[in-house]
Amino acid sequence: ALQLAVERGFHSLAALLLANGYDPNGDYYECLSPAVRARNRDMVRLLLKFGADPRAVDFAEVLETCDRQLMDVFVEAGADPCAQNALARALRTT
């Protein structure tokens, strides 16, 4: 259910599920990546607020969005933009 809410950008449903115990770092599905691909900063912030691990997303994927505010959200949440040469890999693919 959380996966579908994130993929479809249904913020209120995602908030309801997270508030009722759904794990954003669930065993079967990592929720941040689809929110990043959609450049949905509000969804990313919501997931991070409920404990999503910012390191679960390859920072190169965040960089490839070219969304400075989204990048800042991840850095403020503890993501390392230099991990595994994320910056170099993002520049190579853009």
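Because the structure is a prediction, the values reported are computed rather than measured. Here the residue index of a chain counts from 1 through its sequence in written order. Only residues with pLDDT of at least 70 get local features here, since the model is predicted, and only at 80 or more are side-chain atom pairs given and counted; chain-wide, interface and lining totals rely on the full set of residues. Only heavy atoms go into the side-chain values, all of them from the structure, while hydrogens and water stay out.

Moving on to the pattern of salt bridges. By convention in these notes, a salt bridge is any Lys or Arg side-chain nitrogen within 4 Å of a carboxyl oxygen on Asp or Glu. This model, assessed by the stated rule, comprises five salt bridges. Its salt-bridge partner being Arg37, residue Glu61 comes within 3.2 Å of it at the nearest N-O pair. Residue Glu61 is located in helix H5 (residues 59–63), and its partner Arg37 is located in helix H3 (residues 32–37); the two are separated by 24 residues in the primary sequence. Asp42 is the partner of Arg45 in a salt bridge, and the nearest nitrogen-oxygen pair spans 3.5 Å. One end of the pair is Arg45 and the other is Asp42, both in helix H4 (residues 41–49) and three residues apart, which spans about a single turn. Under the scheme used here, helices are H or I runs from DSSP no shorter than 4 residues and strands are E runs no shorter than 2 residues, and both carry numbers assigned from the N terminus.

The next point concerns the confidence of the model for the chain. Per residue, pLDDT measures the predictor's confidence, with a range of 0 to 100. For the chain, mean pLDDT is 89; residues scoring 70 or higher make up 94% of the total. Within the chain, no element has a lower average pLDDT than helix H7 (residues 86–93), which sits at 70, and none a higher one than H4, at 97.

Angles shown run from 0 to 180 degrees and are taken between the N-to-C directions of axes, each axis being a line fitted to C-alpha atoms and, for helices, limited to the stretch in contact. The N-to-C vectors of H4 and helix H6 (residues 68–76) enclose an angle of 5 degrees; their axes lie 10 Å apart at closest approach. With respect to H6, the element H4 is oriented roughly parallel. Contacts between H4 and H6 involve Arg41, Val44, Arg45 and Leu48 on the former and, on the latter, Gln69, Leu70, Val73 and Phe74. Within the contact of H4 with H6, the residues separate by chemical class into five nonpolar, one polar and two charged. An angle below 35 degrees is treated as roughly parallel, one above 145 as roughly antiparallel, one from 65 to 115 as roughly perpendicular, and anything else as oblique. Residue contacts are counted whenever heavy atoms from the two residues lie within 4.5 Å of one another. Any residue outside Ala, Val, Leu, Ile, Met, Phe, Trp, Tyr, Cys, Pro, Asp, Glu, Lys and Arg is labelled polar, Gly included; the first ten of those are nonpolar and the last four are charged.

This part takes up the nonpolar core. Residues belong to one nonpolar core when they are buried, are Ala, Val, Leu, Ile, Met, Phe, Trp, Tyr or Cys, and are joined through side-chain atoms within 4.5 Å. Exposure is judged per residue with a 1.4 Å probe applied to protein chains only, and the accessible area is read against the type maximum: over 50% gives exposed, under 20% gives buried, and values in between give partly exposed. By size, the foremost hydrophobic cluster in this structure holds 29 residues, and its most contacted members are Leu32, Val44, Leu47, Phe59, Val62 and Phe74. If you list the elements that add at least two residues to this core, you get helix H1 (2–7), helix H2 (11–19), H3, H4, H5, H6 and H7. When residues of this core are assigned to their parent elements, the largest contribution, five residues, is made by H4. Not counting residues within four places of it along the chain, the set of residues in contact with Phe59 comprises Met71, Phe74, Val75, Ala79, Asp80, Pro81 and Ala86.

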